Structure formats: structure tokens, C-alpha cells
Amino acid sequence: TAVQNPPPQASVQRGFTFSLEILEAKSVPLSTPLATLWACASIASHPDLMETRHFLEIDHAPQNGSVGDLRVMPQLKTKGITGHTEPQFGDSVVLQSAHPAIAELEDMAKRGVLGESTKRETLDGKPVLMLVTMHDSDISGDGFSSRLVVPQIGTGTSVDQWFMLQDREGGQVVGSDGQPSQIRVRLLYDHTELPAQ
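Because the structure is predicted, anything quoted here is derived from the model rather than measured.

Criteria and cut-off values
Residues numbered from 1 in each chain as written. Predicted model: local features only at pLDDT ≥ 70, side-chain atom pairs only at ≥ 80, totals over all residues. Heavy atoms only, no water. Helix = DSSP H or I, 4+ residues; strand = E, 2+ residues; numbered from the N terminus. Phe/Tyr/Trp six-rings, centres within 6.5 Å; stacked < 30°, edge-to-face > 60°. Buried < 20%, exposed > 50% of the residue type's maximum accessible area, 1.4 Å probe, protein only. Arc of directions from axis to C-beta. Contact = heavy atoms within 4.5 Å. Polar contact = N/O pair within 3.5 Å; in protein donor to acceptor, adjacent residues only side chain to side chain.

Caption draft 1: Seen up close, unusual backbone geometry. The phi dihedral of Ser27 falls on the positive side, at around 55°, and the residue is not glycine. With respect to the helices, strands and loops of the structure, Ser27 is situated in the loop between strand E1 (12–26) and strand E2 (36–45). Although it is not a glycine, His46 adopts a positive phi angle of roughly 55°. Mapped onto the fold, His46 is located in the loop between E2 and helix H1 (52–57).

Caption draft 2: Spotlight on the packing of aromatic side chains. Under the definition given, this model contains two aromatic pairs. Relative to Tyr189, the ring of Phe16 lies with its centre 6.5 Å away and its plane at 65°, an arrangement referred to as edge-to-face. Of this pair, Phe16 sits in strand E1 while Tyr189 sits in strand E13 (residues 182–195), and the two are 173 residues apart along the sequence. The burial state of Phe16 is the same as that of Tyr189; both residues are buried. Each ring, one from Phe18 and one from Tyr189, has its centre 5.6 Å from the other, and the planes form 50°; the classification is tilted. Pair noted here: Phe18 is in strand E1 and Tyr189 is in strand E13, with a separation of 171 residues, a long-range link. When sorted by exposure, Phe18 lands in the same class as Tyr189, which is buried. Through a chain of ring-to-ring contacts, the aromatic side chains of Phe16, Phe18 and Tyr189 assemble into a single cluster.

Caption draft 3: Geometry of helix H2 (residues 102–110). The set of residues buried in H2 consists of Ile102, Leu105, Met108 and Ala109. One side of H2 carries all its buried residues, which in axial view fall inside an arc of 125°. H2 presents Ala103 and Lys110 as exposed residues on the side facing more than 90 degrees away from its buried surface. Two residues or fewer after H2 comes Gly112, characterised by a positive phi angle close to 75°.

Caption draft 4: Summary view of the environment of Pro29. Following the sequence through the fold, Pro29 ends up in the loop between E1 and E2. Sequence separation of Pro29 and Asp136 is 107 residues, and the distance between their C-alpha atoms is 8.9 Å. Those residues in contact with Pro29, other than ones at most four positions away along the chain, are Leu37, Asp136, Ser145, Val173, Val174, Gly175 and Ser181.

Caption draft 5: Summary view of the side chain of Asp91. Within the element layout of this structure, Asp91 appears in strand E7 (residues 88–95). A distance of 3.0 Å separates a polar side-chain atom of Asp91 from the backbone nitrogen of Lys79. Each residue touching Asp91, except ones within four places of it in the same chain, is listed here: Leu20, Glu21, Ile22, Leu76, Thr78 and Lys79.

Right, dumping it as C-alpha cells:
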């Protein structure tokens, strides 16, 4: 009788993924009744190397960012929702990499190349910083409306919750209804098995 060999097993390697979903927002101020709102999100590696000032300085790149600004390209940009203070987004991304450490971001910013940079570091299970920004089409410049910075997210973190939105100085943003502006985010940062390269 012939001996049959088992089918070859697909080679896999362990890695890390950061699954992120921007679900919805509420009490977001509109600059005009027909303004379009959208959100951007990114993660950055080595938040332990950041100083408190970096948490206020890091931002998403406007279309015409100025040299020296710590503005990174978003890794997720939601669809735009027009004329609603409580937009329903439901946009998601699964990330396997993050923006590099703060020293490298600052160096790229000084050289004026950060806003276009696609340089990323593969997720290695160490904590990351999450940045989410809200934008309004009728605000001049980059359309910045509000933001959320979560400075330390470690592996094994699974969250589905509402977060308060802040302005660039860290103050609370309030909607026209007098309620705090909030954004609902679902995330999971964990081990995963990836196909071998």
C-alpha cells in the first residue's frame, strides 16, 4: 500500500493587529448647518518616549501643513456625514503597523516630510498611542473640530466605549445642545496569526 503524505500546512507566523472601528459621534458642533463631518485615526509606536506636550502636538496632516508641525497621515479616514451633529460612521481598519517613535516623527517634521510620510513600524506588542480627530468641511485650514488621544494602549486591550472629545489645548468640546462632544470607538489590540511572508 502506498503511504500518503499529509497535505502541506500553510506557514504562519505570530504577529499583532490593531482593529479599529469609528462607530459614531454625538453632540459634535457644526460650523454651518450643512457642514460635512468626518473622522481620522492613527496609531503611533513607543508612546513611553513621548513627553506630555507631544500628546497635545501630535495631529493629523492638513492638506497644507506647515514645516515643523507633528502632523501624521491618517491610517483611517471615515466617510463624510453632512448636516448631522450625531454622525453614524461605522468605518474600520485592521492595522499591522504604526507611525514611528516620536524622535523620528520630530525629525521628519523638521525636514518638512512628515505630512506625506508613509513610514511605519510593524506592531510588536508594545503599547501604542491612538489619535482620533474630527473634522468639519466648513472650518478653514485643516477643518479640525476636535480630537481624542489615548496615550497608552497595550496588547489584550478590547474596548467599545464613548470617549470625550477635546480641542487642541486639551479643553472639553461641547455641542450646540450643551452636552459634551463624544466619539464611540471599538478597538482590539492583540496577537494574531499572519501568513508567512
